[in-house]
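Each chain, letter by letter, is given below.
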Amino acid sequence: MGARLGQREILLRSVPIAGRCCVKVDFWQYSEGSVARIVALIAGRVRDGGDRLLILDGDDDRRTAISQALWESKPTAFMANGEADAPHAARQPILLSANCDPVNGAKVAVFADGVWRDEGESFERTFLLFGEAGVVPARAVWREFDGRDDVTRSYFAQEDGKWVKKA
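Residues numbered from 1 in each chain as written. Predicted model: local features only at pLDDT ≥ 70, side-chain atom pairs only at ≥ 80, totals over all residues. Heavy atoms only, no water.

Draft legend 1. Looking closely at the packing of helix α2 (residues 35-48) against helix α3 (residues 60-72). Their axes nearest at 8 Å, the elements α2 and α3 cross at an angle of 50°. One way to sum up the angle between α2 and α3 is to call them oblique. Judged by the twist between their axes, the crossing of α2 over α3 is right-handed. For the pair α2 and α3, contact is made by Val35, Ala36, Arg37, Val39, Ala40 and Ala43 and by Arg62, Ala65, Ile66, Ala69, Leu70 and Glu72, respectively. Among the residues making up the contact of α2 with α3, the classes are represented as nine nonpolar, no polar and three charged. (Axes fitted to C-alpha atoms, helices over the stretch in contact; angles between N-to-C directions. Helix = DSSP H or I, 4+ residues; strand = E, 2+ residues; numbered from the N terminus. Parallel < 35°, antiparallel > 145°, perpendicular 65-115°, else oblique. Left-handed = near helix turned anticlockwise from the far one by under 90°. Contact = heavy atoms within 4.5 Å. Nonpolar A, V, L, I, M, F, W, Y, C, P; charged D, E, K, R; others polar.)

Draft legend 2. Representation of α2. In this model α2 runs 20 Å from its N-terminal to its C-terminal C-alpha over 14 residues, within 8% of the 20 Å that 1.5 Å per residue would give. Along α2, the positions that sit buried rather than exposed are Val35, Ala36, Ile38, Val39, Ala40, Ile42, Ala43, Gly44 and Val46. Downstream of α2 by one or two residues, Gly50 has phi in the positive range, about 85°. (Expected span 1.5 Å × (residues − 1). Buried < 20%, exposed > 50% of the residue type's maximum accessible area, 1.4 Å probe, protein only.)

Right, here's the structure in full:
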């Protein structure tokens, strides 16, 4: 479409506030299910919105499980993905990595290992996943954004197998 933006692209862009761009940070506290399946759920929504995704996790085995879940989550429409150190990483719509370098041009990131990285603020939207053991560090990250007009925060938790927005 060149320099013109379609309706979908306009709706998905961050809204500038006084010359600054907002970043959306979603805190997702899980209590059941695997991280791989939760990431696949998020990835499906991101891809349906037409965006590229960077999934960060420092654990090689968990990244492998996430990749497998992405391939298997939608039997009729698999979610292509690859590792950041593999050939053609820049062409991958969903990239898995231990490092926060979106070589695929991703504007959305998922911190699947529950570890916040300061680079999260460089994305339009970042998801921080954490379980019970990650509550204290997640709260500390939440507080880091107190009073910031350029950051929109949301907190979701699982209740009876469903995601419920708490804040």
